[in-house]
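# Architecture and fold: a report
Listed below are the residues making up each chain.
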Amino acid sequence: MKRLFALLAAFATVLGLMGAFGPQAAAANGCKVEYTVASQWQGGFQAGVKVTNLGAPVSGWTLRFTMPDAGQRVAQGWNATWSQSGSAVSAVAVDWNRTLATGAAADLGFSGTLTGANPKPTTFTLNGVACTGSVDEPTPDPGTGTPVEVNGQLHVCGVNLCNQYNRPVQLRGMSTHGIQWFDQCYGAASLDALANDWKSDLLRISMYVQEDGYETDPAGFTNRVNALVDMAEARGMYALIDFHTLTPGDPNYNLARAKTFFAAVAARNAGKKNVIYEITNEPNGVSWSAVKSYAEQVIPVVRAADPDGVVVVGTRGWSSLGVSDGSDENEVVNNPVNATNLMYAFHFYAASHKDSYRSTLSRAASRLPLFVTEFGTVSATGGGAMDVASTTAWLNLLDQLKISYANWTYSDAPESSAAFRPGTCGGGDYSSSGVLTESGALLKARISTPDSFPTS
């Protein structure tokens, strides 16, 4: 399995009978709610609730509605603290979405039980104000062409990843598994499927340094990474070159190798618009100051050959911004890497990392440029059951914050985090339901929805 985080946060959404819902924040002056039933099965269903604030900004909010059928009950919710008393349901903001500016929206959801019909609620209130408004959304100007054709050379502006028009963008894509083990998964047919059927914006090229990786054949692995960069470019996708350091966890162990590797790939790919450099994957068992020191020695090597390329640096605690080591984003905020055009990596595994990790990401996103260069739908081991509710909450949050992401993994590895069933990479089908795992089906459905890359 890929790896096991040292500390896992275990937070459960508070559900149950409550006689009172607590104090309200300032009243909203209007709102709109979109309620959708995403799926339904015998005795249960999953619903999404998008609330848009049309009035003055609010800091702290409560959304209320009444279940139209007495047999409908909230079972588990996300992106809010959910409770139910009788037929009355309450969703209270959590840390990362408590503030709603005018026009801003929060995406919530829950799974529920039911004993009969499943009618939709029709009346919602936000801080006591009826949500009866409508939203006049501007027609997006998404541009035409591949992701690279539309966006061109990317750069960091403020806390966002921005395109050639200086507008924030979100890239959505997939990560390879270790190319020393699953190279057969990354040929013309599979990358055609990723670009054309999955509509992926991004291919993360995961090159392990140890574990039979780069250190065994530096020239061979460098050449293979460059070939995959070319294949992504030919299909209009961005290529995230991942120097996949994992064991040992101190990236300085591989400092000399990193300088050699990035000098080579940056010089070779400097003229391309589709390359992003991830200079260390998941630092662990090491201080942030040590990671920062490593970054400040490797980034100049990249810049010497490619002054315009975006660089991503991993963070402490397996790229958790320190959360998995009992810290938080402040260690990076208060001691940032001395470099420009830089982003910080954040990783999560949805079944293991929930509210405290989402809260950290949300706080940090207003202060640091973040890129989720790796995440999984399952536990931190890379295995176990997929957590649909937590994965959905994470993806909704990343969409809301315009944070780019790559899912682990576009492979047929014998683990539940893999997108394909074992044996898929020996054939030519990388898109049909017959070859996708539960995780792969969910990610393909999310990634293949249309991008809205702004061009003006």
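For every chain, the first residue of the written sequence is number 1, and numbering continues from 1 along that sequence. Confidence filtering applies because this is a predicted model: local features only for residues at pLDDT of at least 70, side-chain atom pairs given and counted only at 80 or more, and all residues used for totals across whole chains, interfaces and linings. Water and hydrogen atoms were dropped before computing side-chain values, which therefore reflect all heavy atoms in the structure.

### Details of the sheet that holds strand β16 (residues 238–244)
Strand pairing is assigned whenever DSSP detects at least two bridges linking the two strands. Helix and strand definitions here come from DSSP, where helices need a minimum of 4 consecutive H or I residues and strands a minimum of 2 consecutive E residues; each element is numbered from the N-terminal end. With parallel pairing, the eight strands of this closed barrel are ordered in space as β14-β15-β16-β17-β18-β19-β20-β21. Averaged over all adjacent pairs, the angle separating strand axes in this sheet is 25°, with direction ignored. Where β16 lies against strand β17 (residues 275–280), four bridges are found, and the strand directions are parallel. Within β17, the residue paired with Ala-239 across the bridge is Val-275. The contact rule is simple, with two residues in contact once any of their heavy atoms fall within 4.5 Å. For helices, the fitted line uses only the C-alpha atoms of the stretch in contact; every axis is such a line through C-alpha atoms, and the angle between N-to-C directions lies from 0 to 180 degrees. Sitting on the sheet, helix α4 (residues 218–234) touches β15 (202–208), β16 and β17, and the angle it makes with β15 is about 175°.

### Quick look at the state of the cysteines
For this text, the term disulfide refers to a pair of cysteine sulfurs within 2.5 Å. All chains considered together, the criterion is met by three disulfides. Two residues share a disulfide in this structure: Cys-157 and Cys-162, whose sulfurs sit 1.7 Å from each other. Each sulfur in the disulfide pair Cys-185 and Cys-425 lies 2.0 Å from the other. Taking the sign of the S-S torsion, about 105° here, the bridge from Cys-185 to Cys-425 comes out right-handed. A residue pair is termed long-range when its members are at least 10 positions apart, and Cys-185 in the loop between α2 (179–182) and α3 (188–196) and Cys-425 in the loop between β21 (405–408) and α11 (438–447) qualify at 240 residues. Whether a residue is buried, partly exposed or exposed follows from its accessible area with a 1.4 Å probe, protein chains only, as a fraction of its type maximum: under 20%, in between, or over 50%, in that order. Since its relative accessible area comes to 0%, Cys-185 is described here as buried. Looking at Cys-425, the relative accessible area reads 8%, which means it is buried.

### Let's talk about helix α10 (residues 388–401)
Taking 1.5 Å of rise per residue, 14 residues should cover 20 Å, and α10 covers 20 Å from first to last C-alpha, within 8% of that figure. By the criterion of burial, α10 is predominantly enclosed, with ten of the 14 residues buried. Every buried residue of α10 is accounted for by Ala-389, Ser-390, Thr-391, Thr-392, Ala-393, Trp-394, Leu-395, Asn-396, Leu-397 and Leu-398. Side-chain atoms alone can form a polar contact between residues adjacent in sequence; in general such a contact is a pair of N or O atoms within 3.5 Å, and within protein one must be able to donate a hydrogen while the other accepts it. The opening residue of α10, the one whose side-chain oxygen lies 3.3 Å from the backbone nitrogen of Ala-389, is Asp-387. Once α10 ends, the next one or two residues include Lys-402, with phi positive near 55°. Take the residue count of a helix, subtract one, and multiply by 1.5 Å to get its expected span.

### What to know about the packing of α4 against helix α5 (residues 255–269)
Running from amino to carboxyl end, α4 crosses α5 at an angle of 35°, the nearest separation of the two axes being 11 Å. For the pair α4 and α5, the sense of crossing is right-handed. On α5, the residues that touch Thr-222, Val-225, Asn-226, Val-229 and Asp-230 of α4 are Phe-261, Ala-264, Val-265, Arg-268 and Asn-269. Here the contact of α4 with α5 is composed, by residue class, of five nonpolar, three polar and two charged. Note: crossing handedness is left-handed where the near helix turns anticlockwise from the far helix by less than a right angle, and right-handed where it turns clockwise. All amino acids are sorted into three groups, where Ala, Val, Leu, Ile, Met, Phe, Trp, Tyr, Cys and Pro are nonpolar, Asp, Glu, Lys and Arg are charged, and the leftover types, Gly among them, are polar.

### Some thoughts on the packing of aromatic side chains
Pairing of aromatic rings covers Phe, Tyr and the six-membered ring of Trp, with a centre-to-centre limit of 6.5 Å; geometry is then stacked below 30 degrees between planes, edge-to-face above 60, and tilted otherwise. Summed over the entire model, instances satisfying the criterion amount to 24 aromatic pairs. With a centroid separation of 5.1 Å and 50° between ring planes, the pair formed by Phe-65 and Phe-124 is classed as tilted. Residue Phe-65 is found in strand β4 (residues 62–66), and its partner Phe-124 is found in strand β10 (residues 124–126); the two are separated by 59 residues along the sequence. For the pair Phe-65 and Phe-124, one class covers both residues: buried. A ring pair is formed by Tyr-410 and Phe-420, whose centres lie 4.8 Å apart and whose planes are at 70°; its orientation type is edge-to-face. Taken together, the residues Tyr-410 in the loop between β21 and α11 and Phe-420 in the loop between β21 and α11 connect sequence positions ten residues apart. Residue Tyr-410 shares its accessibility class with Phe-420, and that shared class is buried.

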